[in-house]
Every structure is written in structure tokens, then in C-alpha cells.
Amino acid sequence: MGFFDFMTEDIAIDLGTANTLIIHNDKVVIDSPSIVARDRITGKIIAVGKEANMMQGKTHENIKTIRPLKDGVIADFDASEQMIKMLIKSIPALQKRLFTPALRMVICIPSGITEVEMRAVKESAERVNGKEVYLIHEPMAASIGIGIDIMQPKGNMIVDIGGGTTEIAVIALGGIVCDKSVKIAGDVFTNDIIYYMRTQHNLFVGETTAEKIKIEIGAATEDLDSPPDDMSVQGRDLLTGKPKQIEVSSREIAKALDKSIQRIEDAIMETLSQTPPELAADIYNTGIYLAGGGSMLRGLDKRISQKTDLPVFIAEDPLRAVVRGTGMALKNINKYRSILIK
């Protein structure tokens, strides 16, 4: 076995709708957008990650940018496999190796995923030389990453707002007691902003611009304590067809996102209402933990706190909470054996 150990590498993957992160040797070695660019004529993948992301919305007919994951699940099997392969190949420590090492991996999946979708993730992993492939549910990984001891007989509530899905779960004794997965998350927020700019300002903006607006001035409430400065947004005027620029404030973005955030709040309320009383008592004391990129929306923690009357905490480095947890599960694989799906 010793020789085989030497030839096996451990990697933890958070295969996200918006970003894919990989941990190798306890370090985040890959953190790149989940997007590939394909040459339409040859069918070859010409760029992946940040490089492909810069092409988004700016391509001619021979190049197509593809986001292989939709709503947290694999939508384009071929593209996702190519993406995983290229990202693993670009891990610096593995490039020094003469031949591709066998991989032991833990991959994170949304909790509302079907058997078929689960098999798609597994097969993708096995094709890129994954000899031992384990899957872990996203809320679990996020809780471990935040630093909660999930094996305790204590209830914790975690809300993970990613790119494609928002995962809400109550976790105790190393298992998910009640959960809800809603397809309202970062991507929907971005589309809300595009729609708002179109209808309110007659300005047509692309996804990349809308996402930039979301990150720079996005907000969940109109009355922030220290609102960010207004932002200049460029796009195409729908009336004249000319490029134009307008100023947008964070209050407007809060208006644009209001409906979607309400739906996330409702999902949280529904999950709370299904929680067994003993765990509800625990959650009253521990509060709600937020992870994922969506949790960085200004004022969201305050808004959820007002709605639920519970304390709300944001994970440190929320974008990486899930992959950190996945990495910890891989490192202490014997402790967490019961929560990994083989």
C-alpha cells in the first residue's frame, strides 16, 4: 500500500455554478470561474476559468462560452468534464509529476440533487483519474468550513447562498435534519439587476457588468448604515441604440433584488417551521450561519436577522467556506466517513 500512497494525491473540489475551487495539500490551489470557451468549428476547449470569463458576452460566432453547471448541477456533461480536467492539470504541484497521479477526491454537491445528477458528478471525477471518489452535501461542507462541530447532538442552521442554489439546512449529529434547496441565488440576483436596468433605465447591460454592479453596490436593504458610493454603469441605450452611461445607487439595487431575497427569507422561515422543537431551542441560542458568495450582499445578515429574530453570523471568507469544509472532511476522512457518500 505504501507505494500506492505515494502515487495517490488527495484533492477536495467545490464544483460550483459560479466558481470552482480546489484544495490540494491544505491550500486552495484553484479558485476560478466555472466557465469554458469552446471553438465552434473544432469543438476544442480554448480557454477555461478566468480567461474564458473575460470572453463572456464578447464572443463572435466561432467561440461560445459555456457555463457547464446550472442551478448547482451539471448541465453540460462534456464541458464540465473538460473543465475539471483542465483545472486539475493546472494545479502547480501536480504539474511536476511525470504521469497523472491517481486521485482521491471529495466533491461537494447540492443537497437537492437527484441520483442521476449525482452519478454524473461521480463519472466526471472518475474519468479524470479519480480512483476513490466521495461526495459530500454542500450544507455539511459549509458547516465544517465555518468551524461547527457537526457531530455534536446540537442543532445548527446553515444558509449557503451560492451561484445557482441557496441551500438551507438544519444539521445535528452529523446529519441533515431538515433542508430546503431553492434555485434563487447569485445568478438570479444578477438577472434581477439586468431586468431592473432594462425596465427602469432603458439600459441594456451584460451579465459581467450586472455582476460587477452586484458586487460593488449590491444591497439587501435600502437603509444601509454606510452605503457604498454610486456607481457609473455603461451599456446600450435601448431607445437610441447608442452606448450610454448612468449613475446607479445601492438603494436601487436593493429594490431590484427585493423579491428574490424575500423568497430566500420565506425558504428560511419554512425550514425553521419544520425544525423539531429541541433543535429549534438550540438554534435560538446558536443563531443562523451564512456562507457562500451571496452572504456578502450588504445588509443581508441584518435583514434575515430582523425577519427571523435570530442572531445571524457570516462565515469568514464565505466564498471558501464550502471548499474549506470539503478539504477538512477529506483530511479527517475517518471521522467524517459517515457523512461522505461513496
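One can find the structure itself at the top, above this paragraph.
The following paragraphs examine the structure supplied in this document. The shown structure was predicted, so the numbers you read here are calculated from the model rather than taken from an experiment.

### Regarding empty space enclosed by the protein
Part 1 of the argument: Scanning all chains against the criterion turns up 1 cavity of 30 Å³ or more.
Part 2 of the argument: For the largest cavity, the calculated volume is near 40 Å³.
Part 3 of the argument: Of all the secondary structure elements, the ones that give two or more residues to the lining of the largest cavity are β8 (73-74) and β9 (102-109).
Part 4 of the argument: Residue classes in the lining of the largest cavity are distributed as 9 nonpolar, 1 polar and no charged.

### Overview of the layout of surface pockets
Part 1 of the argument: If you add up the space inside the second largest pocket, you get close to 370 Å³.
Part 2 of the argument: Taken together, 18 residues line the second largest pocket, and the ones lying closest to its centre are Lys58, Gly206, Glu207, Thr208 and Thr209.
Part 3 of the argument: Breaking the lining of the second largest pocket down by element, the ones donating at least two residues are α2 (50-55), α8 (207-217) and β15 (231-237).
Part 4 of the argument: Broken down by element, the residue count for the lining of the second largest pocket peaks at 6 residues, all from β15.
Part 5 of the argument: Of the residues belonging to the lining of the second largest pocket, the class tally is 5 nonpolar, 9 polar and 4 charged.

### Digging into the pattern of salt bridges
Part 1 of the argument: Enumeration according to the criterion identifies 13 salt bridges in this entry.
Part 2 of the argument: Residue Asp187 is joined to Arg67 by a salt bridge in which the shortest nitrogen-to-oxygen separation is 3.3 Å. In this pair, Asp187 sits in helix α7 (residues 186-201) while Arg67 sits in the loop between β6 (63-66) and β7 (69-70), placing the two residues 120 residues apart along the sequence.
Part 3 of the argument: Exposure remark for Asp187: the relative accessible area of 24% places this residue in the partly exposed category.
Part 4 of the argument: Assessed through its relative accessible area of 26%, Arg67 is described here as partly exposed.
Part 5 of the argument: Linked by salt bridges that have partners in common, Arg67, Asp187 and Glu207 make up one network.

Conventions adopted
Residues numbered from 1 in each chain as written. Predicted model: local features only at pLDDT ≥ 70, side-chain atom pairs only at ≥ 80, totals over all residues. Heavy atoms only, no water. 1 Å grid on protein atoms, 1.4 Å probe; cavity = no way out; pocket = protein on both sides within 12 Å on 5 of 7 lines; lining within 4 Å. Points joined across faces, edges and corners; volume = space filled by probe spheres on them. Helix = DSSP H or I, 4+ residues; strand = E, 2+ residues; numbered from the N terminus. Nonpolar A, V, L, I, M, F, W, Y, C, P; charged D, E, K, R; others polar. Salt bridge = Lys/Arg side-chain N within 4 Å of Asp/Glu carboxyl O. Buried < 20%, exposed > 50% of the residue type's maximum accessible area, 1.4 Å probe, protein only.

Any functional reading would require information beyond the geometric quantities listed.
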